[in-house]
Amino acid sequence: MAAPRPGSCAYFVERKKRFCRMIPAPGRRFCGEHGQQEEGNDRKRIPCPLDPKHTVYEDQLQKHLKKCNSREKPKPVYFVQDVNAGLKDVAEIPEKQVPISSLSKEELENLIVKLKKASNGLELHLEEQILSHQALQEALNDPKNGESAFKHLKQQASILGNMEKLHLLGPGRCFVEFGAGRGKLSHWVDVALQNVENVQFLLVERATTRFKVDGKHKRRDSVFERLQVDIQHLCLNKVPILEKKKLPVVGIGKHLCGAATDLALTCLVESYTACCGGENEEPAPKRSRTDKTEVDSNSSADNESNKDNCKPVAGIVIALCCHHKCDWTHYVGREFFKSVGLGPVEFNYFQRMSSWATCGMRETTTKASTSEESEDHTNDTEEHEQTFSSTEKVSDTLQGILTVEERKEIGYLCKRLIDHGRIEYLQQRGYKAALQYYTESAVSLENVLLTAVPSPSLIPEPTT
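One structure accompanies this document, and this report is about it. What you see is a predicted model, and the numbers here were worked out from it, not measured in a lab.

### Description of helix H10 (residues 344-353)
The buried count for H10 comes to 9 of 10 residues, which makes it a mostly enclosed element. Turning to H10, its buried residues number three or more, namely Pro344, Glu346, Phe347, Asn348, Tyr349, Phe350, Gln351, Arg352 and Met353. Buried residues in H10 make contact with helix H2 (105-119), helix H9 (334-339), helix H11 (356-359) and helix H14 (404-427).

### Focus: the nonpolar core
Ranked by size, the top nonpolar core spans 41 residues in total, and within it Phe178, Leu234, Leu236, Ile316 and Leu426 carry the most contacts. Ranked by the residues each element gives to this core, the list is headed by helix H7 (residues 259-275), at 8 residues. Non-local contacts of leucine 234, meaning those with residues more than four positions away in its chain, are made with Tyr78, Val83, Asn84, Phe178, Val204, Leu227, Val229, Val239, Cys267 and Ser271. Within the second largest apolar cluster, 29 residues are counted, among which are Leu140, Trp188, Val189 and Val199.

### Let's talk about unusual backbone geometry
Phi is positive for asparagine 198, close to 55°, though the residue is something other than glycine. Structurally, the position occupied by asparagine 198 is in the loop between helix H5 (184-192) and strand S7 (199-204). The exposure class of asparagine 198 is buried, given its relative accessible area of 17%. We note that histidine 255 has phi near 55°; this positive angle belongs to a residue other than glycine. Position of histidine 255 relative to the elements: it lies in strand S9 (residues 249-257).

### Thoughts on the packing of helix H4 (residues 147-165) against H5
Interhelical geometry of H4 versus H5 gives an angle of 55° and a closest axis separation of 10 Å. Considering the angle they form, H4 stands oblique to H5. Between H4 and H5 lies a crossing of right-handed hand. For the pair formed by H4 and H5, the contact residues are Leu153, Gln156, Ile159, Leu160 and Met163 on the first element and Lys184, Leu185, Trp188, Val189 and Ala192 on the second. Class assignment of the residues belonging to the contact of H4 with H5 gives a composition of 8 nonpolar, 1 polar and 1 charged.

### Considerations on the environment of threonine 329
Relative to the helices and strands, threonine 329 is located in the loop between strand S10 (315-321) and H9. In this structure the C-alpha to C-alpha distance between threonine 329 and glycine 86, which are 243 residues apart in sequence, comes to 6.1 Å.

### Description of the pairing of strand S6 (residues 173-178)
Taking burial as the measure, the 6 residues of S6 include 6 buried ones, the bulk of the element. Side-chain alternation along S6 places Arg173, Phe175 and Glu177 on one buried face and Cys174, Val176 and Phe178 on a second face that is also buried. Bridging between S6 and S7 involves 6 bridges; their strand directions are parallel. Note that in S7 the partner of phenylalanine 175 across the bridge is phenylalanine 201. In the classification by handedness, the crossover that spans S6, the intervening H5 and the parallel S7 is right-handed.

### So, the packing of H2 against H10
Their axes nearest at 11 Å, the elements H2 and H10 cross at an angle of 90°. Judged on the interaxial angle alone, H10 and H2 are roughly perpendicular. In this structure, H2 contributes Leu111, Lys114 and Leu115 to the contact, and H10 contributes Glu346, Tyr349, Phe350 and Met353. When grouped by side-chain class, the residues that make up the contact of H2 with H10 number 5 nonpolar, no polar and 2 charged.

### Looking at the pattern of salt bridges
As a working rule, side chains carrying opposite charge can pair if their charged atoms are close by. Applying the stated criterion across every chain yields a total of 12 salt bridges. For arginine 206, the salt bridge is made with aspartate 230, and the minimal N-O distance between the two is 3.2 Å. One end of the pair, arginine 206, is in the loop between S7 and strand S8 (222-227); the other, aspartate 230, is in the loop between S8 and helix H6 (240-245), and 24 residues separate them in sequence. Through salt bridges that share partners, Asp262, Arg416, Asp419 and Arg422 make up one connected network.

### Quick word on the pairing of strand S12 (residues 448-454)
Counting buried residues along S12, 7 of its 7 residues qualify, which places the element largely inside the surrounding structure. A two-sided burial pattern is seen for S12, the buried positions comprising Val448, Leu450, Ala452 and Pro454 on one face and Leu449, Thr451 and Val453 on the other. As judged from the 4 bridges shared by S10 and S12, these two strands associate in the antiparallel manner. Pairing of valine 317 across the sheet is with threonine 451, part of S12. As defined by bridge partners, strand S11 (residues 431-437) adjoins S12 across 7 bridges and the pair is classed as antiparallel. Bridge pairing in S12 places alanine 433 opposite alanine 452.

### Here's the deal with the environment of leucine 413
Mapped onto the elements of the fold, leucine 413 is located in helix H14. Distance from leucine 413 to alanine 357, taken between C-alpha atoms, is 8.5 Å for residues 56 residues apart in sequence. When sequence neighbours within four positions are dropped, the list of residues in contact with leucine 413 reads Leu115, Lys116, Ser119 and Leu124.

### Some thoughts on the state of the cysteines
Scanning all chains against the criterion turns up 0 disulfides. Cysteine 9 forms no disulfide, and the closest cysteine sulfur to it belongs to cysteine 31, at a distance of 3.8 Å. Cysteine 20 forms no disulfide, and the closest cysteine sulfur to it belongs to cysteine 31, at a distance of 3.9 Å.

What counts as what
Residue indices follow the written sequence of each chain, beginning from 1 at its first position. Totals for whole chains, interfaces and linings use all residues, but because this is a predicted model, local features are given only for residues with pLDDT of at least 70 and pairs of side-chain atoms are given and counted only at 80 or more. Derived side-chain values reflect all non-hydrogen atoms in the structure, with water molecules and hydrogen atoms excluded from consideration. Burial classification: accessible surface area is computed with a 1.4 Å probe over protein chains only, and a residue below 20% of its type maximum counts as buried, one above 50% as exposed, and the rest as partly exposed. A helix here means a DSSP run of H or I that spans at least four residues, while a strand means a run of E at least two residues long, and both kinds are numbered starting from the N terminus. Pairs of residues are marked as contacts when any of their non-hydrogen atoms sit within 4.5 Å. Each nonpolar core is a collection of buried residues, namely Ala, Val, Leu, Ile, Met, Phe, Trp, Tyr and Cys, held together in the definition by side-chain atoms within 4.5 Å. Axis geometry follows a simple rule: fit a line to the C-alpha atoms, using only the stretch in contact for helices, then measure angles between N-to-C directions, giving values from 0 to 180 degrees. Between 65 and 115 degrees an angle is taken as roughly perpendicular, under 35 as roughly parallel, over 145 as roughly antiparallel, and anywhere else as oblique. Handedness of a crossing is defined here by the sense of rotation of the near helix relative to the far one, left-handed for an anticlockwise turn of less than a right angle and right-handed for a clockwise turn. Each residue receives one of three labels: charged for Asp, Glu, Lys and Arg, nonpolar for Ala, Val, Leu, Ile, Met, Phe, Trp, Tyr, Cys and Pro, and polar for the others, Gly being one of them. Should DSSP find at least two bridges between two strands, the strands are regarded as paired. Handedness of a crossover is defined as follows: orient the strands so they point away from the viewer, and if the path from the first strand over the helix to the second runs clockwise, the crossover is right-handed. In the sections that follow, a salt bridge refers to a side-chain nitrogen of Lys or Arg positioned within 4 Å of a carboxyl oxygen of Asp or Glu. Pairs of cysteine sulfur atoms within 2.5 Å are identified as disulfides in what follows.

Honestly, that's just the spatial picture; any functional story needs more than this.
Here you go:
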């Protein structure tokens, strides 16, 4: 057992198999959290009622509650409860999810038949758009960057390259990075726009984040603001800087996990676009293929009247990830699933089966969990790839039914089916949407980029 770090707490944390790293008070061997280990310390520590993950001296409880980081803080003006939550009818949500491993061979085969039938006719072979951008060339050529950093840089360069191809890198824009983490994607967009005026950045992240790169933004012409809020409750129209400047918005994200992608799409396409015409305006109605022309003609007058005070979303560029974390409640492609005879039960199976595309039958690797990695754990963690644990693998009866390659193929179909629902959702709302490979699978197994730009009649004029 290694000794505690010099000057650190001498308490061994059994759960983490290491010594506590907090710094004790001068003359003490243990930090405040583990102070009861100190000889002669008879003060009692109790779990904090706001967050039992940490403790507090009982005689200092009231003082602690006033400054505890877990206390409820005033909600920002852009917080609107469940504004992007999607489905409100809980009757559509299945009560109990049966594990895939408990399905009989016949039930599994029926699911696969439904999957292949629904996928028939979809564009499953995506076009490659592996691009780069001059803004990252110096960093890409820097030998000091390790393999992991190089992979992230290649992805960020391709995302910027795709944004440039869609003419989204320009003046008079507000770039909203969903699931921003450290904010690296916004940082590189800022570097790419170093000579461009009137550019705003909103970095949306629900968790507090360490090692942010925000301090690198020295250019006075660009404005960075962090919004610490869950995307589910974010009303962009109420963000002061957008309310004041009315800039066209470009939504971006790198490896935006599962349901977060759907929440971001709803935030951009429904709550923001609908609100910019009026605070009490209802969201735009969904358009099917049959009534699209009629709705377009009926809404043309409204679009003209709102043209002066409503700037539609200029574009969306999101690297997709973790389809197994999707949720029927928030999923934007529910109408598409219903149109091909599928519902929440099939969706819940397909979203879990989607992980087969990236995990196959591999056992969990004992990848290092060094102190540096654990301390720098952010949204940039490598690809969020999922693997089965050894126990799950042994008990998985599906091993004898499907080969590794068959599982990967089914997982891929599940991902594309879920993504196609998102594409149809965007298309029905007047966007030209597409999926493409934006990087090699050797760089990231989650290598699909969703892009969307409004139809030419809806593209806003840049604000200079």
